[in-house]
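# Coordinate inspection notes
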Protein chains: 2
Amino acid sequence: MALAKEEATDVLSSLQSVCTRHGLETMSAKLAELASLVQWDMQEIAKALAELPQRSGLVHRSARHLVDLGGKRLRPICVALASKVGSGFDEKCRDLAVAVELVHCATLLHDDVIDHGDRRRGSPTARSLYGNAASIFAGDWLLIEALKRVRATKVPDTLERLLDIIDEMIAAESLQLEGRGRLELDPDRYFRVVEGKTAALFRWAMFAGGRGGGLDLEQCRALERFGAHLGIAFQLVDDLLDYAGDAEVTGKVPFADLREGKATYPLIVAVERDPDLLGELSALVERPDEQPEARFTAVRDRIESTGALTRCHALALEHANQAQAALSGLPPGPAVEALGTVAETTVNREL
Amino acid sequence: MALAKEEATDVLSSLQSVCTRHGLETMSAKLAELASLVQWDMQEIAKALAELPQRSGLVHRSARHLVDLGGKRLRPICVALASKVGSGFDEKCRDLAVAVELVHCATLLHDDVIDHGDRRRGSPTARSLYGNAASIFAGDWLLIEALKRVRATKVPDTLERLLDIIDEMIAAESLQLEGRGRLELDPDRYFRVVEGKTAALFRWAMFAGGRGGGLDLEQCRALERFGAHLGIAFQLVDDLLDYAGDAEVTGKVPFADLREGKATYPLIVAVERDPDLLGELSALVERPDEQPEARFTAVRDRIESTGALTRCHALALEHANQAQAALSGLPPGPAVEALGTVAETTVNREL
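For the structure given in this document, a descriptive report is provided here. Just so it is clear, the model here is predicted, and its values are computed rather than measured.

On to the overall build of chain A, then. The helix and strand tally for chain A stands at 17 helices and two strands. Within chain A, residue pairs in contact and separated by at least 24 positions form 76% of the contacts whose partners lie at least 6 positions apart.

Listed by partner, the interface residues are 30 residues for chain A and 30 residues for chain B. When residues of the side of chain A that touches chain B are traced back to their parent elements, those giving at least two are α3 (58-68), α5 (91-114), α7 (132-153) and α8 (158-178) of chain A. Counting residues per element, the side of chain A that touches chain B draws most heavily on α8(A), which supplies 12 residues. Here the residues of the side of chain A that touches chain B sort into 18 nonpolar, four polar and eight charged.

Take helix α13 (residues 265-273) of chain B next. All names here are of chain B. Of all nine residues in α13, seven are buried, a share of seventy percent or more. If you check which residues of α13 are buried, you get Tyr265, Pro266, Leu267, Ile268, Val269, Ala270 and Val271. Close packing links the buried residues of α13 with α9 (187-212), α10 (217-244), α14 (277-286), α15 (293-305) and α16 (308-326).

With that out of the way, let us pick up unusual backbone geometry. The phi dihedral of Lys154(A) is positive, around 60°, even though this residue is not glycine. Secondary-structure assignment places Lys154(A) in the loop between α7 and α8. Given 9 C-beta atoms within a 10 Å radius, Lys154(A) is considered exposed. Positive phi, normally seen in glycine, also occurs at Arg121(B), with a value near 50°. With respect to the secondary-structure elements, Arg121(B) resides in the loop between β1 (119-120) and β2 (123-124). Using a count of 18 C-beta atoms within 10 Å as the deciding quantity, one classes Arg121(B) as partly exposed.

Here we come to the relation of the copies chain A and chain B. When chain A is fitted to chain B, the best match, at an RMSD of 0.0 Å, comes from turning it 180° and sliding it 0.0 Å along the axis. The superposition of one copy onto the other is thereby described by a two-fold rotation axis. With an isologous cut-off of 70% or more, the 100% of interface residues of chain A that recur at the interface of chain B puts this contact in the isologous class.

Residue and element names in this part refer to chain A. As for its position among the elements, Leu37 is in helix α2 (residues 25-50). Through-space distance from the C-alpha of Leu37 to that of Leu81 is 8.4 Å; in sequence the pair is 44 residues apart. When sequence neighbours within four positions are dropped, the list of residues in contact with Leu37 reads Pro334 and Ala338.

So, about the packing of helix α5 (residues 91-114) of chain B against α9(B). Residues and elements named next belong to chain B. Across the interface, α5 lies against α9 with an axial gap of 9 Å and an inter-helix angle of 170°. As the angle between them shows, α5 and α9 are arranged roughly antiparallel. In this structure, α5 contributes Lys92, Cys93, Leu96, Val100, Val103 and His104 to the contact, and α9 contributes Leu201, Trp204, Ala205, Ala208, Gly209 and Gly212. Of the residues contributing to the contact of α5 with α9, the split by class is eight nonpolar, three polar and one charged.

All names here are of chain A. Closest axis-to-axis distance for the helix α9 (residues 187-212)/helix α10 (residues 217-244) pair is 7 Å, and the angle between their directions is 145°. Crossing angle aside, the handedness with which α9 passes α10 is right-handed. Side by side, α9 and α10 meet where Val194, Thr198, Ala199, Phe202, Arg203, Ala205, Met206, Phe207, Gly210 and Arg211 of the first sit next to Gln219, Cys220, Leu223, Glu224, Phe226, Gly227, Ala228, Leu230, Gly231, Ile232, Phe234 and Gln235 of the second. For the contact of α9 with α10, the residue count by class is 13 nonpolar, six polar and three charged.

Rules of the game
Residues numbered from 1 in each chain as written. Chains lettered and ligands numbered in written order. Predicted model: local features only at pLDDT ≥ 70, side-chain atom pairs only at ≥ 80, totals over all residues. Helix = DSSP H or I, 4+ residues; strand = E, 2+ residues; numbered from the N terminus. Contact = placed C-beta atoms within 7 Å. Nonpolar A, V, L, I, M, F, W, Y, C, P; charged D, E, K, R; others polar. Buried ≥ 20, exposed ≤ 12 C-beta atoms within 10 Å, placed from the backbone. Least-squares fit on C-alpha atoms with pLDDT ≥ 70 in both. Axes fitted to C-alpha atoms, helices over the stretch in contact; angles between N-to-C directions. Parallel < 35°, antiparallel > 145°, perpendicular 65-115°, else oblique. Left-handed = near helix turned anticlockwise from the far one by under 90°.

Pasting the structure below:
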């Protein structure tokens, strides 16, 4: 329990140290401000997450395993900050923040079953500890828990909107499934998947936080635009970390996306610029387990030499800027400042 | 589409012909009354189910496949009849009835993934046509669709109650998972699983229909008691059909539960009465695919010789009677009569 609490503030301080290491002193100061602004809220959220109904069943242990691993809790941070753009963070906002994290965890539980994932957040996945069946029901359970909480807050429009957002998420999963195993390198399809799978829930986090803080629908729409761009930026950096990340820091298997033949943005750009790469990639993806590690590194270098990684980062930056631009009409103050910091950090993160 | 519509009334007429065949003339007349009472409603429900949002994705095709297979639609019938105990069936009740069927289908989609089921309602399962991943998301989608519809009806208490019921269903799935592969023959555990997995959704169907028909909470509680007993009776007969059913009629693999080592009620009673049976069963369950068909038939005969099938049917009858008794305080009329018929038919069904 204490672990989850520390984890939440830990992320901020680890991001902060990353920035200091890189000599980004201004960024570090901004992060300290962000941390002090949401520290209490994040502790309340962590406490509520640690107090999920205690049941001894396999399904509930499976869900707890993932939730207790903590993670970045970026979506709850979005809820907290969005609420502070309005009248501030209260119990209802806490419950909305908990709900967004539970929905996120529910999708991870189902995703790990579908992708046969063995590692998550530097630990074994719930499915590898408790089995696929328990993870499927654990996802169902967290989804229902999330909806119950949102319902109980009675914050206007948040429940309908969440149901619609989950619908969008499932449609994106469906789209992604269809491209599976085929190395589908269509940018249009890529962005439709990202908008549904990643950006949609960020959008809801911002909308719900804003509504919880009493903002009107127009202000909430601006927050949603922030969430949409933040989500895309976040995913682009996630894609990038598959090629450029330090596995020790990210807790992920290196080249995991590449091994699975996932159409990440760097891959799409690289093949656009160097079409011959496609043959090489297809061979890798068809029998990833039979390939020597050096072949992955060679492909990675070839991708980098096309400038695809740089282009991916530039696009992430663009979306982070658009996210910030979306805030321009909102009442200025520390919360809007901090949201700007979130956007900046997202594109400079190393995990 | 037309298919689903026919199926719904087909079930009533097929049940009816079963009864006629057995010389139960009175029962046949009662069923004709029941059929004429809900025929229009069931057509409306079938129409709405056929008009689920049309999307081309793998996930949505997977969901449609199961929904279009039709099935008995007993839960929607419960909603329709419960509403008619009150002010009657309207659009809202139709949506509640559609929702209960969608939740039921969602659980079947996830169950088939977990049990590696290949056949369902006499056809290949969605997962064997579209894959496990699509079926997992298809279940998620139907759940969300159901919740959206219930939410939109604004019928008091139905959404909270449904969220609680799904919670109970998941807890029961968890309990069942823990007993898997171990031939867990504890009657107490068995009934806890049945109450959660089967009876809970029947309870909600009755509650929601009653609420939709404007009945007060006390009247709805009586309807819920009916649903709880009906659900248990239904499951007991389902268990029985694994041993006694005609595979041509039920569309199920014979002895499927036995092969999976599922703790069905006949098995629990048989081992209580003939403890030596346990060794024989364990051997069967450990390597079901290596066993000659004759061995299953021999075990089936031995189970029957303990009187376990008769006992199971007697208990189903008891619950059907308790279901009928629960109706005693409700305003008498054709709907209450028809619910009585549903309870009677449930214990006399052959599919």
